[in-house]
Amino acid sequence: MKYLIGLSCFVLFYSCSNTQEKIRPTIQDLTQSVYTSVTIQPDSLYQAYAVVAGILDQNLIEEGDLVTKGQAISQIINNTPVLNTQNAKLSLDLAKNNYNGSAAILSGIADEIEAANLKCKNDSINFFRQQNLWIQNIGSKADFDNKQLNYQLAKNNLTLLKNKYNQTKNQLNTNVKQAQNTYQTSLISTKDFTVKSAVNGKVYALYKASGELVNTMDPVAAIGSASTFIIEMLVDEVDIVKIIKKQQVLITLDAYNGKVLEGKVSKIYPKKDERNQTFKVEAVFVNPPDILYPGLSGEANIIISKKQNVLTIPKSYIIGSNQVQTDNGIVTITTGLGDMEFIEVLDGITKDMYIYKPE
């Protein structure tokens, strides 16, 4: 009876072993990579904003147009800055006229100084003449004191007028400069109603139409490079430490039906996006396709390392983290490089041994 039971167990185990999938390890090249999603964007892509609010008069270009740095994109209407500029110009003209025009305030003070200078000279002559007479005991003390007082008052008045002239000149000069600054500021404000491109490139989007309200919070247009495109990738935080610049990137875009394109890592952004726990990584094409559009999507593998002629097994044959089932039972193995499907075996089994897929 015991013999029959043992024989039945052996047959059962033998039949299970025959139905269980088994393979031998294979020698092949192995590549380790980091998988990531991809979005294509133009280089130097930015959104153009207006620095003032108003109504959009017209877009001076169309989507898809090429533009140069400083070229006008959109024109905004607002009559207030125009009126302010006109008022500032009037104030500037008045200030200049007061300073050096035909009705200048300084010319009137200059005439007063000339008259005061003549009077001072006349009072000086009368004073010194009376002084000479007084020395000779000719004339009265009252006449001498009166001539001296008139001369002193004339000198004081001439000094006051000269000071008034200098002060008025400085004030008028300051008024001219202030009016000039106000006028220049108003001109700048008027120019701010023209939105201009900051780069040489292509207009990819216009967000406002004629007659719509424009403010400083919403973009007017999106502009970027017309020829250079960036591969934007979002790398999980567990993989970001493996990424370095100039690593090879293999890209497939949905628009190109699985065609593999090559790129190189060009930039790693150090700040993590807390919303999705990823880091932004950029790459550039080695040989870009002829036609690219912003927003094209796909996937990429960033190549971390490569090994040639290594012993590998499928990851699906591993039990736990480092064991496989063989004809000799469960064996512990030492693993190395791995990709999405295969993993390198450094020790524990040989290429001639069968391993069984866990059920």
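Residues numbered from 1 in each chain as written. Predicted model: local features only at pLDDT ≥ 70, side-chain atom pairs only at ≥ 80, totals over all residues. Heavy atoms only, no water.

1. Regarding the overall build of the protein
Part 1 of the reasoning: A count of helical and extended segments in the protein gives four helices and 20 strands.
Part 2 of the reasoning: A total of 359 residues make up the protein; the buried ones form 31% of that total.
Part 3 of the reasoning: Carbon and sulfur atoms make up 53% of the accessible area of the protein, which totals about 22,000 Å². (Helix = DSSP H or I, 4+ residues; strand = E, 2+ residues; numbered from the N terminus. Buried < 20%, exposed > 50% of the residue type's maximum accessible area, 1.4 Å probe, protein only. Areas by Shrake-Rupley, 256 points an atom, 1.4 Å probe, with all protein chains shown as cover.)

2. A short note on the nonpolar core
Part 1 of the reasoning: Residues Met233 and Ile251 are the most contacted members of the largest nonpolar core, which totals 22 residues.
Part 2 of the reasoning: Elements supplying a minimum of two residues to this core: strand S2 (26-42), strand S11 (229-236), strand S12 (248-253), strand S13 (260-273), strand S14 (278-285) and strand S15 (297-314).
Part 3 of the reasoning: The residues contacting Ile251, other than those within four sequence positions of it, are Val38, Ile231, Lys259, Val260, Leu261, Glu262, Gly263, Phe285, Glu299 and Ala300.
Part 4 of the reasoning: If you look at the next biggest cluster of nonpolar residues, it comprises 16 residues, including Val52, Leu206, Val214 and Ala221. (Core = buried A, V, L, I, M, F, W, Y, C linked by side-chain atoms within 4.5 Å. Contact = heavy atoms within 4.5 Å.)

3. Considering the side chain of Glu344
Part 1 of the reasoning: If you trace the backbone, Glu344 turns up in strand S19 (residues 342-347).
Part 2 of the reasoning: Side chain to side chain, Glu344 and Lys307 meet in a polar contact 3.1 Å long. (Polar contact = N/O pair within 3.5 Å; in protein donor to acceptor, adjacent residues only side chain to side chain.)

4. Some points on unusual backbone geometry
As a rule of thumb, non-glycine residues mostly have phi less than zero, and peptide bonds are mostly trans rather than cis.
Part 1 of the reasoning: The backbone phi angle of Ser44 is positive, close to 60°, even though this residue is not glycine.
Part 2 of the reasoning: Relative to the helices and strands, Ser44 resides in the loop between S2 and strand S3 (46-49).
Part 3 of the reasoning: A positive phi angle is found at Lys246, which is not glycine, with a value near 75°.
Part 4 of the reasoning: Since its relative accessible area comes to 70%, Lys246 is described here as exposed.

5. Topic: helix H3 (residues 105-135)
Part 1 of the reasoning: For H3, built from 31 residues, the straight-helix expectation of 45 Å at 1.5 Å per residue is met to within 8% by its first-to-last C-alpha distance of 45 Å.
Part 2 of the reasoning: Those residues of H3 not exposed but buried are Leu106, Ile109, Ile113, Ala116, Cys120, Asp123, Ser124, Phe127 and Gln130.
Part 3 of the reasoning: In the segment just after H3, Asn137 is the residue with positive phi, at about 65°. (Expected span 1.5 Å × (residues − 1).)

6. Considering the sheet that holds strand S17 (residues 329-332)
Part 1 of the reasoning: Read across the open sheet, the four strands follow the order S1-S20-S16-S17; overall the sheet is antiparallel. Strand pairing shows two members of the sheet lacking a second neighbour, strand S1 (22-23) and S17, which therefore form its edges. (Pairing = 2+ DSSP bridges.)

7. Observations regarding a nonpolar patch on the surface
Part 1 of the reasoning: A cluster of nonpolar side chains, contributed by Ile55, Ile77 and Leu213, occupies part of the molecular surface with about 260 Å² of accessible area.
Part 2 of the reasoning: Inspection of the secondary structure puts Ile55 in strand S4 (residues 54-59). (Patch = residues over 30% accessible without salt bridge, like charges linked within 9 Å, V, L, I, M, F, W, Y side chains within 5 Å. Salt bridge = Lys/Arg side-chain N within 4 Å of Asp/Glu carboxyl O.)

8. So, the pattern of salt bridges
Part 1 of the reasoning: Summed over all chains, the structure comprises five salt bridges.
Part 2 of the reasoning: Glu237 is paired through a salt bridge with Lys272; the nearest N and O atoms lie 3.2 Å apart. Residue Glu237 is located in the loop between S11 and S12, and its partner Lys272 is located in strand S13; the two are separated by 35 residues in the primary sequence.
Part 3 of the reasoning: As a salt-bridge pair, Lys242 and Asp239 come within 3.3 Å of each other at their nearest N and O atoms.

9. A closer look at the pairing of S4
Part 1 of the reasoning: Bridge analysis of S4 against strand S9 (residues 213-214) gives two bridges, and the strand direction is antiparallel. Considered in S9, the bridge of Ile55 is made with Leu213.
Part 2 of the reasoning: Where S4 meets strand S6 (residues 72-77), four bridges bridge the pair, whose relative direction is antiparallel. Within the sheet, the bridge partner assigned to Asn59 lies in S6 and is Ser74.

10. Structural notes on the sheet that holds S4
Part 1 of the reasoning: The strand order across the open sheet formed by four strands is S7-S6-S4-S9, and the pairing between neighbours is antiparallel. Looking at the sheet topology across the chains shown, the edges are occupied by strand S7 (194-196) and S9.

11. Quick word on the confidence of the model for the protein
Part 1 of the reasoning: Across the protein, the average pLDDT comes to 83, with 88% of residues at or above 70.
Part 2 of the reasoning: Note on residues 1-17: pLDDT under 50 across the span, and two contacts to partners over four residues away in sequence or across chains. (pLDDT = per-residue confidence, 0-100.)

12. Considerations on the pairing of S11
Two faces belong to every sheet, and in a regular strand the side chains alternate between them.
Part 1 of the reasoning: Relative to S11, S2 runs antiparallel, the two sharing six bridges. Paired with Pro42 across the bridge in S11 is Phe229.
Part 2 of the reasoning: Across seven bridges, S11 lies against S14 in antiparallel orientation. Along S14, the bridge assignment pairs Leu234 with Lys280.

13. Focus: the packing of aromatic side chains
Part 1 of the reasoning: With the rule as written, the count across this model stands at zero aromatic pairs.
Part 2 of the reasoning: Sitting over the face of the ring of Tyr354, Lys22 holds its NZ or CZ atom 4.3 Å from the ring centroid. (Phe/Tyr/Trp six-rings, centres within 6.5 Å; stacked < 30°, edge-to-face > 60°. Lys NZ or Arg CZ within 6 Å of the ring centre and 35° of its normal.)

14. What about the side chain of Gln20?
Part 1 of the reasoning: Along the polypeptide, Gln20 turns up in the loop between helix H1 (2-19) and S1.
Part 2 of the reasoning: Of the polar contacts made by the side chain of Gln20, one reaches the side chain of Gln325; its length is 3.3 Å.
Part 3 of the reasoning: When sequence neighbours within four positions are dropped, the list of residues in contact with Gln20 reads Gln325, Tyr356, Lys357, Pro358 and Glu359.

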